[in-house]
Amino acid sequence: PPVPPAAEAPTHGTPYVPHTQQFSPMRMLTPQRVQGSPNTPGIWALALLPLAINVAVVGLYFTGILILPSRPTIQTLQSQPTQQMQALYSLGLVAAEFLIMILLVAADRSALKSRNIRPASGWWLLLLAPLVYFIARRMVLKRQGIVSNAPGNVYVLGLVLPYAAIFFTAFLATLN
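Residues numbered from 1 in each chain as written. Predicted model: local features only at pLDDT ≥ 70, side-chain atom pairs only at ≥ 80, totals over all residues. Heavy atoms only, no water.

### Considerations on the overall build of the chain
Link 1 in the chain: Along its length, the chain carries five helices and zero strands.
Link 2 in the chain: When the helices and strands of the chain are listed from N to C terminus, the series reads α-α-α-α-α.
Link 3 in the chain: The proportion of buried residues among the 176 residues of the chain is 21%.
Link 4 in the chain: Considering only residue pairs separated by 6 or more positions, the chain has 71% of its internal contacts joining residues 24 or more positions apart.
Link 5 in the chain: Accessible area of the chain: about 13100 Å², with a carbon and sulfur share of 69%. (Helix = DSSP H or I, 4+ residues; strand = E, 2+ residues; numbered from the N terminus. Buried < 20%, exposed > 50% of the residue type's maximum accessible area, 1.4 Å probe, protein only. Contact = heavy atoms within 4.5 Å. Areas by Shrake-Rupley, 256 points an atom, 1.4 Å probe, with all protein chains shown as cover.)

### Considerations on the packing of aromatic side chains
Link 1 in the chain: On inspection of all chains with the given rule, the structure shows one aromatic pair.
Link 2 in the chain: On the basis of an interplanar angle of 25° and a centroid distance of 5.0 Å, the ring pair of Phe134 and Tyr155 is categorised as stacked. In this pair, Phe134 sits in helix 4 (residues 131–143) while Tyr155 sits in helix 5 (residues 150–175), placing the two residues 21 residues apart along the sequence. Each member of the pair, Phe134 as well as Tyr155, carries the same accessibility label: buried. (Phe/Tyr/Trp six-rings, centres within 6.5 Å; stacked < 30°, edge-to-face > 60°.)

### What about a nonpolar patch on the surface?
Link 1 in the chain: On the surface, Phe98, Ile102, Trp123 and Leu126 cluster together into a nonpolar patch covering about 450 Å² of accessible area.
Link 2 in the chain: If you trace the backbone, Ile102 turns up in helix 3 (residues 80–114).
Link 3 in the chain: Residue class for Ile102 comes out partly exposed when judged on its relative accessible area of 39%. (Patch = residues over 30% accessible without salt bridge, like charges linked within 9 Å, V, L, I, M, F, W, Y side chains within 5 Å. Salt bridge = Lys/Arg side-chain N within 4 Å of Asp/Glu carboxyl O.)

### Concerning the pattern of salt bridges
Link 1 in the chain: Counting across every chain of the model gives one salt bridge.
Link 2 in the chain: We note a salt bridge from Arg137 to Asp108, for which the minimum N-O separation is 3.0 Å. Of this pair, Arg137 sits in helix 4 while Asp108 sits in helix 3; the two residues are 29 residues apart in sequence, bridging distant segments of the chain. For the pair shown, Arg137 and Asp108 are each scored as buried.

### Here's the deal with the confidence of the model for the chain
Link 1 in the chain: Considering every residue of the chain, the mean pLDDT works out to 78; 69% of them sit at 70 or more.
Link 2 in the chain: Averaged pLDDT values over the elements of the chain bottom out at 54 in helix 2 (residues 74–78) and peak at 92 in helix 4. (pLDDT = per-residue confidence, 0-100.)

### Quick notes on the nonpolar core
Link 1 in the chain: Ile43, Leu46, Met101, Val105, Ala120, Tyr133 and Phe134 are the most contacted members of the largest nonpolar core, which totals 14 residues.
Link 2 in the chain: For this core, the secondary-structure elements that each account for two or more residues are helix 1 (41–63), helix 3 and helix 4.
Link 3 in the chain: Ignoring sequence-local partners within four residues, the contact set of Ile43 consists of Asp108, Tyr133, Phe134, Arg137 and Pro151. (Core = buried A, V, L, I, M, F, W, Y, C linked by side-chain atoms within 4.5 Å.)

### Focus: the environment of Ser37
Link 1 in the chain: Within the element layout of this structure, Ser37 appears in the segment before helix 1.
Link 2 in the chain: For Ser37, a relative accessible area of 38% translates into the label partly exposed.
Link 3 in the chain: Separated by 111 residues in sequence, Ser37 and Ser148 place their C-alpha atoms 8.7 Å apart.
Link 4 in the chain: In this structure the side chain of Ser37 is engaged in a polar contact, spanning 3.0 Å, whose partner is the backbone nitrogen of Asn39. (Polar contact = N/O pair within 3.5 Å; in protein donor to acceptor, adjacent residues only side chain to side chain.)

### Some words on the environment of Arg115
Link 1 in the chain: Here Arg115 is to be found in the loop between helix 3 and helix 4.
Link 2 in the chain: According to the relative accessible area criterion, Arg115 is buried, its value standing at 18%.
Link 3 in the chain: When the C-alpha positions of Arg115 and Thr40 are compared, they lie 9.8 Å apart, and in sequence the two are 75 residues distant.

### Considering helix 4
Link 1 in the chain: With 13 residues, helix 4 extends 19 Å between its outermost C-alpha atoms, agreeing within 8% with the 18 Å of an ideal straight helix rising 1.5 Å per residue.
Link 2 in the chain: Residues Val132, Tyr133, Phe134, Ala136, Arg137, Val140 and Leu141 constitute the buried set of helix 4.
Link 3 in the chain: Directly after helix 4, the chain includes Gly145, whose backbone phi takes a positive value near 85°. (Expected span 1.5 Å × (residues − 1).)

Given below as structure tokens:
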């Protein structure tokens, strides 16, 4: 049976017409002209910082300034000045490393701005420093059509390489 006219849904306003243009959630800009490489000296120094810190710690260990006993003895546990000095050197290394990271990120941002490239926010350094800064920097540069992966990859290698060397050495020691 036909539907009575009162039962039809009333129409108000203009009918719905879907939008025909597609919008991408990841906005890719056309590559822009840059005045030099996005891989600045500051970002390379930041990428090599883990290796430099490891060399400094090993150097302090072998010079006797930093004492890392493998098995604590009564003498090392009772020597309070040595433990205080170790804590002071460790705190100094961490503070110096963080200050150096802040300066290197500032240098990187300044160099990118001078090359007409919008840099990532330096505040990313405070979250899991500086790994998150490398990720944010890579994403910001990628949105501008610039590829700069090498410094971040070198940084991750610098974090992983010392541990891989330790495990490899331990593995070789078990073979004998």
